[in-house]
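Below are the chains, spelled out letter by letter.
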Amino acid sequence: MVDIVVLGATGYTGRLIAQYLATHPQRSSFTFGLAARSQSALEKVFRGLNLSKDDVPAFTVDVTNPSDVDAVVQQAKVVINTIGPYWRWGTSVVRACVHHGRHYVDLTGEVHWIKDIILEFDYAAVKSGSIVVPCCGLDSVPSDVLAFVANKTLKTFGGPSTTIDLSTSAWKLGGASISGGTFSTILTALEDVPKHKLLAARQNFVLSPVKGTHSPRPRMLYTLPYSHRPIYGAWYFMAITNSQVVQRSWGLYELARRANHHNATAVASFSYGPNFKYEEFVILPSALYAMMYSIIFAAIATLLVLFQPARWFARRLMPRPGEGPSEKQLQGGSVKITNITSSIPNSQGEKIIVRSIFQGRGDPGYFLSSIMISECALALALDGATLPQISKGGILTPMTAFGDVLVERLRRSGHFDIESELLVGTEPRKTR
């Protein structure tokens, strides 16, 4: 048995994860294996990364064959699943992990599918002790981390009863690109997923066990509050997924608090408060640019949704599954997300304002995502004793599953900076 197995190791992101694990500073503390459908493609990955099968086991698996999936899952403590679209290929892997009490992480951004696995597997996962964490890459680790660290900073300066009013994240993506697998997932959702499921995925708190205060509605123009200079932006296309994951984190903490959880004191310190609202947008150079971006993006999205010829044409332009950014693009990208979070006013009408920043160096969707999901898997494999105690199993989120353990792992990786500070006039005070 190995600590971690990477499903889809011959895909673009799977290869990046394998490379990261093979060169990790803690490499001597864990074992991992690689799994894929094609034995010949797997051999190519081993040669490209200079890996030995004596050190890294290889598994041949067809995720459409339940017995194949069962056999591989039983060989690992933690499964990293990179095989999408998850709507098509992910359910059998989650089912096997839950049945055998194994842990699971993936890179999905498919809210409709996450809702399905919550309904089908959450209770069983709690019973088997299986920790299942979707969305462990760019979608939606940074958003979840920012809400989490902002809440901690608010409580550090305002006391444990301080709660959040509004949390807003402004994304600045440098050199971001899309792989063929990701684009294939988007088109699969448009063509194969029932429309009522896609519409339901856009409803507030669709993944949360309890309902909360509705977040602000999407709009054509956004601004970041409490900024020294105006920061404008437009709706970010992954905001649906990221907001739903953040709302599920809120809901799991809130449910634990309301239910007088066995560890209620510790859980209460993580609660965002009953009036918590979250939104995010992508930063653009000006208000006019943001308005034009919104109009053009809406037009393209409408074409893709309504017209099959538009999807056919897009398939000819975009990378094919298995393709992704060049090595130069991988190293040259970046992401910087600035979050402003405000507290509910106190009895004097005063608010506490916190600014938190999540910054990563490298292509956000692939290079940085491969690091994020790898560190999530390593947290499950190596840090079980120090993980949050909100649940011993279930369908969780990055922060409810890993909390500060993941924040510190990302910092130590050398690829991320995460900080949070209290805004007091023009003199911010930092906290970690």
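These numbers were taken from a predicted model, which means no experiment stands behind them. (Residues numbered from 1 in each chain as written. Predicted model: local features only at pLDDT ≥ 70, side-chain atom pairs only at ≥ 80, totals over all residues. Heavy atoms only, no water.)

Q: I'd like a description of the overall build of the protein chain, backed by residues and values.
A: Scanning the protein chain from terminus to terminus reveals 17 helices and 15 strands. Dimensions of the protein chain, computed from the C-alpha atoms along their principal axes, are close to 65 × 55 × 40 Å. When each of the 432 residues of the protein chain is scored for burial, the buried share is 52%. Contacts spanning at least 24 positions in sequence make up 77% of the contacts within the protein chain whose residues lie at least 6 apart. Just so you have it, the protein chain exposes about 18800 Å², and 56% of that area is on carbon and sulfur atoms. Here the protein chain contributes 42 positive and 32 negative side-chain charges, whose respective centroids are spaced 4 Å apart. (Helix = DSSP H or I, 4+ residues; strand = E, 2+ residues; numbered from the N terminus. Buried < 20%, exposed > 50% of the residue type's maximum accessible area, 1.4 Å probe, protein only. Contact = heavy atoms within 4.5 Å. Areas by Shrake-Rupley, 256 points an atom, 1.4 Å probe, with all protein chains shown as cover. Lys, Arg positive; Asp, Glu negative; His and termini not counted. Charge placed at Lys NZ, Arg CZ, Asp CG, Glu CD.)

Q: Describe the UniProt feature "domain: Saccharopine dehydrogenase NADP binding" (unreviewed entry) in the protein chain, and please don't skip the residues or the numbers.
A: Under the UniProt annotation, "domain: Saccharopine dehydrogenase NADP binding" (unreviewed entry) lies at residues 4-133. Span residues 4-133 is 48% helix and 19% strand, its end C-alpha atoms 14 Å apart. (UniProt positions renumbered as here; feature names shortened; annotations may be inferred.)

Q: Please provide a residue-by-residue account of the sheet that holds strand β3 (residues 58-60), values included.
A: Overall, parallel pairing links the 7 strands, which are arranged β3-β2-β1-β4-β5-β6-β13 in an open sheet. Two strands lie at the open edges of the sheet, namely β3 and β13 (394-395), each paired on one side alone. Bridge analysis of strand β6 (residues 131-133) against β13 gives 2 bridges, and the strand direction is parallel. Paired with I131 across the bridge in β13 is G394. Lying on the sheet, helix α2 (residues 39-49) is in contact with β2 (32-36) and β3; it crosses β2 at an angle near 140°. (Pairing = 2+ DSSP bridges. Axes fitted to C-alpha atoms, helices over the stretch in contact; angles between N-to-C directions.)

Q: Give me helix α7 (residues 141-158): which residues, what numbers.
A: For α7, which comprises 18 residues, the first-to-last C-alpha distance of 26 Å matches the rise-based estimate of 26 Å (1.5 Å per residue) to within 8%. α7 sits mainly inside the fold: 14 of its 18 residues count as buried. G159 sits one or two positions beyond α7 and adopts a positive phi of about 100°. (Expected span 1.5 Å × (residues − 1).)

Q: Outline a nonpolar patch on the surface, supporting the account with residue identities and numerical values.
A: Together, M220, L288, M291, M292, I295, I296 and I300 make up a nonpolar patch on the protein surface, roughly 650 Å² of accessible area in all. Mapped onto the elements of the fold, I295 is located in helix α12 (residues 287-306). Look at I295 and you get partly exposed, because its relative accessible area is 46%. (Patch = residues over 30% accessible without salt bridge, like charges linked within 9 Å, V, L, I, M, F, W, Y side chains within 5 Å. Salt bridge = Lys/Arg side-chain N within 4 Å of Asp/Glu carboxyl O.)

Q: Mind laying out the packing of aromatic side chains, listing which residues take part and the relevant values?
A: What the rule picks out here adds up to 15 aromatic pairs. Clustering of aromatic rings is evident, with ring pairs tying together W171, W235, Y236, F237, Y293 and F297. Sitting above the plane of the F30 ring, R27 keeps its charged end 5.4 Å from the centroid. For K53, the ring lying beneath its charged end belongs to F46, and the centroid distance is 5.7 Å. (Phe/Tyr/Trp six-rings, centres within 6.5 Å; stacked < 30°, edge-to-face > 60°. Lys NZ or Arg CZ within 6 Å of the ring centre and 35° of its normal.)

Q: Report on the pattern of salt bridges, specifying residues and quantitative values.
A: Applying the stated rule across the entire model yields 19 salt bridges. In this structure, K197 and D116 form a salt bridge, with 3.0 Å as the shortest nitrogen-oxygen distance. In this pair, K197 sits in helix α9 (residues 195-200) while D116 sits in helix α6 (residues 111-128), placing the two residues 81 residues apart along the sequence. Judged by relative accessible area, which is 23%, K197 ranks as partly exposed.

Q: So, helix α5 (residues 91-100): which residues are in play, and what are the values?
A: The buried fraction of α5 is high, at 7 of 10 residues. Backbone geometry just after α5 places G101 at a positive phi near 70°.

Q: Help me get a handle on the nonpolar core, residues and values and all.
A: The biggest cluster of nonpolar side chains holds 114 residues, and the ones touching the most others in it are I4, L34, V105 and F402. V105 has contacts with V79, I80, N81, V133, C136, I373, C376, A377, L380 and F402, leaving out every residue within four places of it along the chain. Y222, L224, I231 and F281 belong to the second largest nonpolar core, which has 8 residues in total. (Core = buried A, V, L, I, M, F, W, Y, C linked by side-chain atoms within 4.5 Å.)

Q: Describe the environment of V5, with residues and values.
A: Looking at the element boundaries, V5 is found in strand β1 (residues 2-7). With a relative accessible area of 1%, V5 lands in the buried category. Residues V5 and A35, spaced 30 residues apart in sequence, show a C-alpha to C-alpha distance of 6.9 Å. Look past the residues within four positions of V5 in its chain and what remains in contact with it is G33, A35, F59, V72, A76, V78, V79 and I80.

Q: Let's hear about the pairing of strand β10 (residues 277-284): which residues, and what values?
A: Of all 8 residues making up β10, 7 are buried, and the element is well covered by its neighbours. The sheet contact formed by strand β7 (residues 164-174) and β10 spans 6 bridges and is parallel. Looking at β10, one finds that A170 is bridged to F281.

Q: Describe the pairing of strand β14 (residues 416-422), with residues and values.
A: Across the 7 residues that make up β14, a large majority, 5, are buried. With 7 bridges joining them, strand β12 (residues 353-361) and β14 adopt antiparallel strand pairing. Residue pairing for β14: G360 is matched across the bridge by F416.

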